[in-house]
Amino acid sequence: MLAAVGEEHTAATGDVLYRVGDATYPFIAIQEGEVAILDAAGNEIISHGPSSFLGELNLLSGQTVFVTAVVTQPLRYVAVDRDVLRRLLFEDGPLSDLVLATFISRREALQRVEGIGIEIVGPRSSAATMRLIDVARANRLPFAWSDEAPGGGEEPPVVQLPGGGELKHPSGGDLLRALGIGRELERREEADLLVVGAGPAGLAAAVYGSSEGLDTLIVEGTALGGQAGSSSRIENYLGFPAGISGAELTSRAVSQARKFGARPATPYRAVGLEPGDDGRHVVQLEEGHEIAARAVLIATGAQYRRLPLADLSDYEGTSVFYAAGPPEAQLCGAARVAVVGGGNSAGQAAVWLARGGALVTLLHRRADLRETMSDYLIRELERYGVAVRDRSEIAELHGRDGHLEAVTLKDGAHMPFKFVFLFLGAKPCTEWLGDCLARHTDGFVLTGEAAGASYLLETSIPGIFAAGDVRSGSTKRCAAAVGEGSMAVQFVHQHLSAQPAGVS
């Protein structure tokens, strides 16, 4: 099948198929021979032989190549152009499952290998450096971080790109676009449906909106997939009895949205909303961009809360984290780790880290974990040896140079944790909305009857909807967010069909 859509080639021992820093490469299916995958220093990471294929997530996303592929035995192979492969994956379910799952696993593996990807140089005292590290983590980029001031008096951070090249004090958008990631928006764009936020609710709306004929644009301020994309494993998502990683679930959703013609763009952070009385609402983005849309779906989700500790920022990004992905799991192997929180996200992270060999203690402030966590996760905590400490809150952090050594709890207990993961509930990402639509006192967006709206998910402004964690009264679960994002498209259609003739 691949030969029918690709081209057959041969290559001699020593030939380079692609190298670190290349902009793109084809999908390569090996018929005969062997290929070694090397890092930038020439060290072999792995080799692939007959019936194997080369590539990882950057083949689909268009990111800069992070590794080099060198022929080690005379090679006969089929090369398939990236755009052709994308179409094939849309049409062939079994092949799509195999390739996408493998690409995601390979990306997670690359995140654990030293010397792969970008190098960020800047001290932890630099807010710009820490923001860029957050962007790298959220987008699952392999990276190394040098916690020091750049040479030559340069303003931090400085980024060394794969294959050469350097960025000085880049924004997250500068970095991603230098790596070939993301759509470059015009100063003004128009769409039938603008989805603000690319978590589960936003991605579901993008899939259903674009598949039902709406010109759909989806913007995200950090990484496609939102916070769900960083979840180590979602165990209670319908249809996946063995669970599914957030990265795989959201990567599949992004591919599905693209299949139907949705236009994802990142990182573009919304900074303002101007409701329109002419049938179009305008959302302003940072760096001077704006989008006019006939309908807007707000799906910006919520952010995890921080501990009220004066020196917390000294440890964030090195010893204190808000997500538990492959890089963090690698750091924590065999170390003593505290996971703080009593919800399902905390439970999932604790189990994931314990599976990876960490000695995990779950700290929560209630008397009974069953008040806030699902029973199946409580059983998993017991299964993987996670210690649970009730009525426990961190009062003080102890360490130096950003590396945690211990914590003191409010009851006076001193515990030797090297890493802390915080899952403390969330606050809505709605500051950018100002007072232009009705919100609850806690900041979550009001919809339906509570907002005096015509439709269940419509806000106080006709044509502007909200779905997922950002919506007041929503169930803070991944599956619920997907359901709301899908349902919102039905209300968008009803709103657009009710508009007077000539309004477009």
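Since the model is a prediction, treat every value here as computed from it, not as a measurement. (Residues numbered from 1 in each chain as written. Predicted model: local features only at pLDDT ≥ 70, side-chain atom pairs only at ≥ 80, totals over all residues. Heavy atoms only, no water.)

Quick notes on the packing of aromatic side chains
Okay, so step 1: Evaluation of the coordinates by the stated rule reveals nine aromatic pairs.
Okay, so step 2: Note on Tyr237 and Phe240: the rings are 6.1 Å apart at their centroids and 45 degrees apart in plane angle, and the pair reads as tilted.
Okay, so step 3: The partly exposed category is assigned to Phe240, whose relative accessible area is 32%.
Okay, so step 4: Across the ring face of Phe53, the terminal group of Arg106 is positioned such that the distance to the ring centre comes to 5.0 Å.
Okay, so step 5: Between Lys476 and the ring centre of Phe444, over which it is positioned, the NZ or CZ distance is 4.8 Å. (Phe/Tyr/Trp six-rings, centres within 6.5 Å; stacked < 30°, edge-to-face > 60°. Buried < 20%, exposed > 50% of the residue type's maximum accessible area, 1.4 Å probe, protein only. Lys NZ or Arg CZ within 6 Å of the ring centre and 35° of its normal.)

Some details on the sheet that holds strand β7 (residues 118–121)
Strand pairing in a sheet is mediated by backbone hydrogen bonds. Such pairs are either parallel or antiparallel.
Okay, so step 1: The four strands are arranged β8-β7-β9-β10 in an open sheet whose pairing can be described as mixed. Pairing within the sheet leaves two strands with one partner each, and these edge strands are β8 (143–146) and β10 (166–168). Along the sheet, successive strands turn relative to each other by an average axial angle of 15 degrees, direction set aside.
Okay, so step 2: In the sheet, β7 pairs with strand β9 (residues 158–160) via three bridges, with the strands oriented antiparallel. Bridging from a neighbouring strand, Glu119 pairs with Gln160 of β9.
Okay, so step 3: The strands that helix α5 (residues 127–138) touches are β7, β8 and β9; relative to β8, the one it contacts most, it runs at about 165 degrees. (Pairing = 2+ DSSP bridges. Helix = DSSP H or I, 4+ residues; strand = E, 2+ residues; numbered from the N terminus. Axes fitted to C-alpha atoms, helices over the stretch in contact; angles between N-to-C directions. Contact = heavy atoms within 4.5 Å.)

Digging into the side chain of Thr64
Okay, so step 1: When you line up the elements, Thr64 lands in the loop between α2 (58–61) and β6 (68–80).
Okay, so step 2: For Thr64, a relative accessible area of 9% corresponds to the buried category.
Okay, so step 3: Sequence-distant contacts of Thr64, that is, excluding residues within four places in its chain, are made with Gly21, Asp22, Asn58, Pro162, Ala178, Leu179 and Gly180.

With respect to the side chain of Arg263
Okay, so step 1: Tracing the backbone through its elements, the reader meets Arg263 in strand β13 (residues 263–265).
Okay, so step 2: According to the relative accessible area criterion, Arg263 is buried, its value standing at 16%.
Okay, so step 3: Polar contacts involving the side chain of Arg263 include one to the side chain of Glu189, which spans 3.2 Å.
Okay, so step 4: Excluding its chain neighbours within four sequence positions, the residues that come into contact with Arg263 are Arg183, Glu189, Glu190, Ala191, Asp215, Thr216, Leu217 and Ile218. (Polar contact = N/O pair within 3.5 Å; in protein donor to acceptor, adjacent residues only side chain to side chain.)

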